[in-house]
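Inside the fold
Each chain, letter by letter, is given below.
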Amino acid sequence: MNCVDVAIIGAGLAGVAAAGDLAAAGKSVLVIDKSRGIGGRMATRRHASTRIDHGAQFFTARSERFAAFVNGLVESGIVQVWSHGFPILVDGVVCARADGHPRYACLAGMSELAKQLLPDTVGCVLGTQVTSVIRLADPVGDGMRYEILAGESTVCLARDVVINMPPVQLVAVAADLLTDSERERLLAIEMEPCWALGGCLAEDIPLTTVALECQHPVLGWISRNHTRHGAASEPLSIMVHASGACSASHLEDDPLDVRNAIETAMREIGMPLHWDSDPFIHRWRYAKPVTGLGADVFRLTTSPGVYGVGDWCIGGRVEGAVSSGWSAAKLLL
Ligand SMILES: Cc1cc2nc3c(=O)[nH]c(=O)nc-3n(C[C@H](O)[C@H](O)[C@H](O)COP(=O)(O)OP(=O)(O)OC[C@H]3O[C@@H](n4cnc5c(N)ncnc54)[C@H](O)[C@@H]3O)c2cc1C
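A quick note: this is a predicted structure, and the numbers were derived from the prediction, not measured.

**A word on the overall build of the protein chain**
Secondary structure summary: the protein chain contains 8 helices and 19 strands in total. In terms of C-alpha radius of gyration, the protein chain reaches 20 Å, essentially the compact-globule figure of 20 Å for 333 residues. Dimensions of the protein chain, computed from C-alpha atoms along their principal axes, come out at roughly 65 × 45 × 35 Å. Among the 333 residues that make up the protein chain, the fraction classed as buried is 46%. Long-range contacts, defined as pairs at least 24 residues apart, comprise 67% of the intrachain contacts of the protein chain with a sequence gap of at least 6.

Here's what the structure looks like:
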C-alpha cells in the first residue's frame with residue numbers, strides 16, 4: 001500500500017505548485033491526475049507537426065514570489081515576454097490597447113510551466129480518476145487518516161490531502177468530507193465554459209499583433225499560436241476561443257456546428273481560416289471562474305489537513321492557481 005504525507009489530487013498548476021513546495025520541505029507526496037499529462041487547463045496539445053496551446057494563452061506575474069520564479073524561467077530561455085497587451089475587436093474594429101505590462105508564454109508550450117513547478121522526484125500517478133476521499137475511522141500506520149479511491153481501488157493512504165480541481169468536481173470527490181454549508185459555498189462558485197478551435201494554417205490571418213481579444217457574440221479570443229513558441233521555423237497555427245456567452249449557450253452542441261459558427265464569424269471579421277490540415281475543437285466545461293472564493297485556499301473545517309486549491313479560490317488565472325497551491329503547502333508545513 002502506497003502511504004504518503006500528502007496526496008495531491010489534480011495536477012493542475014495549483015496541485016503541482018503545492019507538490020513542489022511540500023517535496024522541497026521533505027514531505028512524501030503523491031500527485032494523482034485523471035489525464036495522461038500534467039498541467040490541467042495550462043494545456044498544450046501535439047497537433048500535426050506542432051504544439052498548440054488550447055487552454056491558458058499567457059500569464060502575468062505580479063506577486064513577488066511568482067515574478068521571481070518567472071524571471072528565472074525567462075533567464076533560462078523557458079519563458080518569454082510574449083506581449084505587452086493585446087488589441088481588442090469592438091464593433092468590427094481592431095482598437096489598440098497595449099498597457100505595457102508583460103504577458104508571458106512558455107516557448108515549449110504552456111504546459112511547460114507545470115513541469116517547471118514539479119520536481120522530477122515527486123511521484124505521479126496519471127490516467128487515474130479519483131472518485132472519493134474517505135476519512136478512516138482510526139488512523140493507520142504512521143498517522144495515515146485518509147484513503148484515496150479510484151472506483152473500487154485504493155490509490156494511496158495519506159495523512160493530508162490537497163484537492164485541485166474545479167468546485168463542482170471537488171464536491172463530488174470530497175462528498176463524504178464536506179459539511180452542507182461548505183458544499184453550498186463551493187457550488188455557488190460559477191465557472192464559465194469555453195469552446196476552443198485550433199489548428200495549422202496554410203496562410204496566416206491578417207493580424208499584425210500576436211493575439212486579439214474580441215468583444216463579439218461568437219468570438220472571445222484569437223491568437224497566432226506559433227508566435228508563442230519563438231522559432232521562425234514554427235508552422236503557422238492558430239487558437240480561437242468562442243466567447244463565454246456563446247460557449248455557454250452552445251455547450252452541448254455538436255462540435256462540428258460550433259466549428260462552423262467560429263469559422264463563419266472569422267470570415268465575417270475579415271480573418272478567414274485557411275486550414276493546412278484538419279483542425280481540432282475542444283470543449284472546456286469549467287474554463288474560467290466568474291466568481292471566486294475570496295481566499296487563497298478552501299479549508300474543509302471538519303476534515304483536518306484537507307484543502308481545496310485552484311484558480312477559483314483567488315485570482316481566477318494562472319498566477320492565482322499557483323499562489324493557491326503555494327498557500328496550501330505553507331499551511332501543511
Ligand atoms: C480556454 C482557456 C483559456 C485561458 N486563458 C488564460 C489566460 O490567458 N491567462 C490566464 O492566466 N489564465 C487563463 N486560463 C485559466 C488558467 O488556465 C487557469 O486559471 C489555471 O490553469 C487553473 O489551474 P488549476 O490548478 O486551478 O486547475 P486545473 O488546471 O483545472 O487542474 C485541475 C486538474 O485536476 C484534474 N482532475 C480533475 N478531476 C480529477 C479527478 N477526479 N481525479 C484526478 N484528477 C482530476 C484535471 O485533469 C486537471 O489536471 C484559461 C483557461 C482556459 C480553459
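**Quick word on the site of the ligand**
Close to the ligand lie 37 residues, the nearest being Gly10, Gly12, Gly40, Gly310 and Arg317. Within the residue set of the shell around the ligand, elements represented by two or more residues are helix 1 (13–24), helix 4 (167–173), strand 13 (191–200), strand 17 (280–289) and helix 8 (318–332). Of the residues belonging to the shell around the ligand, the class tally is 19 nonpolar, 12 polar and 6 charged. Looking at which domains feed residues into the shell around the ligand, each of domain 1 (3–43 + 116–188 + 292–332) and domain 2 (58–109 + 191–289) gives three or more.

**Side note on the nonpolar core**
If you look at the biggest cluster of nonpolar residues, it comprises 96 residues, and the most contacted ones within it are Ala7, Ile8, Leu13 and Ala18. Summarising the domain contributions, this core has at least three residues from each of domain 1 (3–43 + 116–188 + 292–332) and domain 2 (58–109 + 191–289). Setting aside residues no more than four positions away along its own chain, Ile8 makes contact with Gly15, Ala18, Ala19, Val29, Leu30, Val31, Ile32, Val162 and Asn164.

**Notes on the pairing of strand 10 (residues 132–140)**
Regular strands place their side chains on alternate faces of the sheet. Where strand 10 lies against strand 11 (residues 144–150), 5 bridges are found, and the strand directions are antiparallel. In the sheet register, Arg135 faces strand 11, and the bridge partner there is Tyr146. With antiparallel pairing between neighbouring strands as the criterion, strand 10 and strand 11 make up a hairpin whose turn holds 3 residues, including Gly141 at a positive phi of roughly 55°.

**Things to note about the environment of Met1**
Looking at where Met1 falls in the secondary structure, it is placed in the segment before strand 1 (3–9). By the C-beta count within 10 Å, which is 9 here, Met1 ends up exposed. Sequence separation of Met1 and Leu157 is 156 residues, and the distance between their C-alpha atoms is 7.5 Å. Dropping the residues within four chain positions of it, Met1 is found in contact with Thr154 and Leu157.

**Considerations on the environment of Gly100**
Checked against the element boundaries, Gly100 lands in the loop between strand 7 (93–95) and strand 8 (103–106). Between the C-alpha atoms of Gly100 and Ser83, which are 17 residues apart in sequence, the distance is 8.4 Å. With sequence-adjacent residues up to four places away left out, Gly100 is seen in contact with His84 and Gly85.

**Focus on the domain arrangement of the protein chain**
Partitioning the protein chain into domains gives domain 1 (3–43 + 116–188 + 292–332) and domain 2 (58–109 + 191–289). Centre-to-centre, using C-alpha coordinates, domain 1 lies 29 Å away from domain 2. In this complex, domain 1 contributes 14 residues to the contact, which on the side of domain 2 involves 15 residues. The leading source of residues in the side of domain 1 that touches domain 2 is helix 8, at 5 residues. Within the side of domain 1 that touches domain 2, the residues separate by chemical class into 6 nonpolar, 4 polar and 4 charged.

**Here's the deal with the packing of helix 1 against helix 8**
Two elements in contact, helix 1 and helix 8, have axes separated by 7 Å at closest approach and are oriented at 35°. Of the two elements, helix 1 crosses helix 8, and the hand of that crossing is right-handed. Contacts between helix 1 and helix 8 pair Leu13, Ala14, Gly15, Val16, Ala17, Ala18, Asp21 and Leu22 from the former with Val318, Ala321, Val322, Ser324, Gly325, Trp326, Ala328, Ala329 and Leu332 from the latter. Its residues assigned to classes, the contact of helix 1 with helix 8 comprises 13 nonpolar, 3 polar and 1 charged.

**Details of the sheet that holds strand 6 (residues 88–90)**
Spatially, 7-6-14-15-16-13-17 is the arrangement adopted by the 7 strands of the open sheet, whose pairing is mixed. Two strands lie at the open edges of the sheet, namely strand 7 and strand 17, each paired on one side alone. Pairwise comparison of adjacent strand axes, ignoring direction, gives a mean angle of 25° for this sheet. Pairing of strand 13 with strand 16 (residues 237–242), which is carried by 5 bridges, proceeds in the antiparallel orientation. Residue pairing for strand 16: Gly199 is matched across the bridge by Ile238.

Parameters and conventions
- Residues numbered from 1 in each chain as written.
- Predicted model: local features only at pLDDT ≥ 70, side-chain atom pairs only at ≥ 80, totals over all residues.
- Helix = DSSP H or I, 4+ residues; strand = E, 2+ residues; numbered from the N terminus.
- Rg over C-alpha atoms; globule rule 2.2 N^0.38 Å.
- Buried ≥ 20, exposed ≤ 12 C-beta atoms within 10 Å, placed from the backbone.
- Contact = placed C-beta atoms within 7 Å.
- Near = placed C-beta within 6 Å.
- Nonpolar A, V, L, I, M, F, W, Y, C, P; charged D, E, K, R; others polar.
- Domains from an automatic or database assignment.
- Core = buried A, V, L, I, M, F, W, Y, C linked by C-beta atoms within 7 Å.
- Pairing = 2+ DSSP bridges.
- Axes fitted to C-alpha atoms, helices over the stretch in contact; angles between N-to-C directions.
- Left-handed = near helix turned anticlockwise from the far one by under 90°.

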